[in-house]
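# Inside the fold
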Amino acid sequence: MTDGRGETPRRTGMTEKCGVVGVSLDGRNAARPLYYALYALQHRGQESAGIVTHDGFQQHSHVEMGLVGDAFGEDDLDTLNGAAGIGHVRYPTAGSVDSSCAQPFSVSFKSGSLGLSHNGNLVNADEIRDELAAAGHAFTSDGDTEVIAHDLARNLLEEDLVRAVKHTMGRIHGSYSLTISHDDTILGVRDPQGNRPLCIGELEDGYILASESAAIDTLDGELVRDVRPGELVVLQDDGEGFDSYQLVEQENTAHCFFEHVYFARPDSVIDDTLVYEARRSLGRKLWEESGVETDVVMPVPDSGRAFAAGYADAASETTADGESRAADDDGVEFAEGLMKNRYVGRTFIMPTQDERERAVRLKLNPIKSTIEGKTVTVIDDSIVRGTTSTQLVQLLKDCGAEEVHVRIGAPAIVAPCYMGIDMATREELIAAGRSTDEIRDAIDADSLAYLSTDAVADVLEEDRIDLCLGCVTGEYPYDIEGEETDRDVSRPDVGGTRLPADD
Ligand code: SF4
């Protein structure tokens, strides 16, 4: 659920930071396909949008604050020459909205021109920045993407492209899916644990790398496969194919399970799973684990819709006790009892407490006849700070609901994310340090249940250890200062990790 609390202006809920794309085509300009792909990835970042292309002689860049549709005009696209390029949509986390952090980051070094689009977050960027700054590198932003660019540029002075990327991967620690342009060569890199998604698609006249397969669909392309964790993909500049280099092998992955639950488009396929189907299956599990017999089941639109459909589906087959339903038992009615105002975005700003409290009324309007005199189960994908849940329960009760039961299609969020999701601080999270019963009381619901982490792993057909569950367990798959890890990981020793020259 998206909600806000506190005194300073803020955006609501959890927000994915970025979407990335890269294309290499056979002769045709890349700018327009990149532009359409960014449209398809707009849900992953709404603060800035940018494209960098290369025409074989020089690099062209256009990066603007704002939505994709506002950031580019016809003239801008016309100046972005070249059949190879990368793009980016961004949602910055740290307070200020700063154009120096908008991407793609582009720069020209002695080793050629580089453009970088990054989704994720490094946890050792400061150490590398300090080391590079001491060696004379001047930084123009405080973003971790520029750190990667400088490190790569330094390596490219001495090594070929593949080895340079491998050495940079040996030094950076954290989550990253990158699309990179090195002159007119387009690369895709996914961190060794594959935390954020990145996939490869085939177009009529070339290849594409994108955060989500929905961007490939938009260009009438075919999803080829996900980029593997630790893999470098180099698109061939004639648009004929791509080369793959498995640069780092790691025993376990750390896929962000929230991509499936919350961030990705339901029509995207991530790590071989259609997001919509995953959400439906999570909803089914939710019924199996904590179903409650009520008159009506309704989603919080749009985030809870697929979960609620799966939940109601399972509820039509079995009772809350797991028994098969009798032929004359219709089970639980699925209804759309909450209408969403589509003109209130996912990231609207609510400057005052009073306005924040009004937020739920701005976004959701209940259909009284569906609710009045009924017992209601309302289903969503998450509770972050809890303000919206509280208001929603109140709203339903004001509409005459006799009971309001809340079911959440993911485990409770108890800790922040350090891997590129703008979530909340521990102090702001309603579930941090509270039991489910205490949260139920806080939001004034008749009952509350979350899905278990085992159910998530089961539905995503992954071992728990191959998922990042940091925000729901407080144990992370990366070495983060002051936090626990759930596996044997440690940061690279940045000062001394240059691999042997023949590696
Ligand atoms: S901490 Fe949570 S949101 Fe962040 S990467 Fe891990 S699972 Fe995803």
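Counting starts from 1 at the beginning of each chain's written sequence and moves along it residue by residue. For this predicted model, a pLDDT threshold of at least 70 governs which residues receive local features, and a threshold of 80 or more governs which side-chain atom pairs are given and counted, while totals over whole chains, interfaces and linings are taken from all residues. Hydrogens and waters are ignored; side-chain quantities use all the structure's heavy atoms.

## Comments concerning the site of the ligand
Every residue lining the ligand is accounted for by N195, R196, C256, F257, C417, M419, I421, M423, C468 and C471. Gly is put with the polar residues, along with every residue not named as nonpolar or charged; the nonpolar set is Ala, Val, Leu, Ile, Met, Phe, Trp, Tyr, Cys and Pro, and the charged set is Asp, Glu, Lys and Arg. Partitioned by chemical class, the residues of the shell around the ligand number eight nonpolar, one polar and one charged. Whether a residue is near a molecule or strand depends on its heavy atoms: if one lies within 4 Å, it is near.

## Re the pairing of strand β6 (residues 105-109)
Two strands pair when backbone bridges link them, and β6 and strand β7 (residues 112-122) are joined in this way by five bridges, in the antiparallel orientation. Pairing of S106 across the sheet is with G115, part of β7. Here, strands pair whenever DSSP counts at least two bridges between them. Each helix is a run of H or I in the DSSP string that is no shorter than four residues. Each strand is a run of E no shorter than two, and both are numbered from the N terminus. Following β6, the chain reverses through two residues before pairing antiparallel with β7.

## What to know about the confidence of the model for the chain
How sure the predictor is of each residue is captured by pLDDT, a score from 0 to 100. With 90% of its residues at a pLDDT of 70 or more, the chain shows a mean pLDDT of 89. Here, two residues are considered to be in contact whenever any of their heavy atoms come within 4.5 Å of each other. Across residues 1-12, where pLDDT falls below 50, the model places 57 contacts with residues more than four positions away in sequence or in other chains. In the predicted structure, residues 497-503 sits below a pLDDT of 50 and forms 14 contacts with residues beyond four places in sequence or in another chain.

## Points about the sheet that holds strand β5 (residues 84-90)
The antiparallel open sheet is built from seven strands, whose spatial order is β4-β3-β5-β2-β11-β10-β12. This sheet does not close on itself; its edge strands, each paired only once, are β4 (59-65) and β12 (222-226). The average undirected angle you get between the axes of adjacent strands in this sheet is 15 degrees. Bridge analysis of strand β10 (residues 199-203) against β12 gives four bridges, and the strand direction is antiparallel. Bridge pairing in β12 links E202 to E222. Throughout, an axis means a line fitted to C-alpha atoms (over the contacting stretch in the case of helices), and angles, computed between N-to-C directions, take values from 0 to 180 degrees. Seen against the sheet, helix α1 (residues 31-40) touches β2 (18-25), β3 (48-54), β5 and β11 (206-210) and runs at an angle of roughly 155 degrees to β3.

## Thoughts on the UniProt feature "active site" (unreviewed entry) in the chain
UniProt positions are given in the numbering used here, feature names are shortened, and annotations may be inferred rather than shown by experiment. Mapped onto this structure's residue numbering, the UniProt feature "active site" (unreviewed entry) falls at C18. Assignment of secondary structure puts C18 in strand β2. With a relative accessible area of 2%, C18 lands in the buried category. Ignoring sequence-local partners within four residues, the contact set of C18 consists of R44, H88, V89, R90, H118, N119 and S211. Whether a residue is buried, partly exposed or exposed follows from its accessible area with a 1.4 Å probe, protein chains only, as a fraction of its type maximum: under 20%, in between, or over 50%, in that order.

## Describing the packing of aromatic side chains
Only Phe, Tyr and Trp rings are paired, with Trp represented by its six-membered ring, and only when their centres lie within 6.5 Å; those with planes under 30 degrees apart are stacked, over 60 edge-to-face, the remainder tilted. Here the structure, examined in full by the defined rule, presents ten aromatic pairs. Taken together through their ring pairs, the aromatic side chains of Y35, Y36, Y39 and F72 make up a single cluster. In this structure, R129 packs its charged tip against the face of F139, placed 5.2 Å from the ring centre. For a lysine, the NZ atom is tested; for an arginine, the CZ atom; a charge sits over a ring if that atom is within 6 Å of the ring centre and within 35 degrees of the ring normal.

## Regarding the environment of T453
Tracing the sequence through the fold places T453 in helix α15 (residues 453-459). Under the relative-accessibility criterion, T453 is labelled buried at 14%. For the pair T453 and H43, spaced 410 residues apart in sequence, the C-alpha to C-alpha distance is 26 Å. Those residues in contact with T453 that sit more than four places away from it in its chain are P411, R464, L469, V472 and T473. At 2.7 Å, the side chain of T453 and the side chain of R464 are in polar contact. We define a polar contact as two N or O atoms separated by no more than 3.5 Å, with the added condition that, inside protein, one atom must be a possible hydrogen donor and the other a possible acceptor, whereas residues neighbouring each other in sequence contribute only through side-chain atom pairs.

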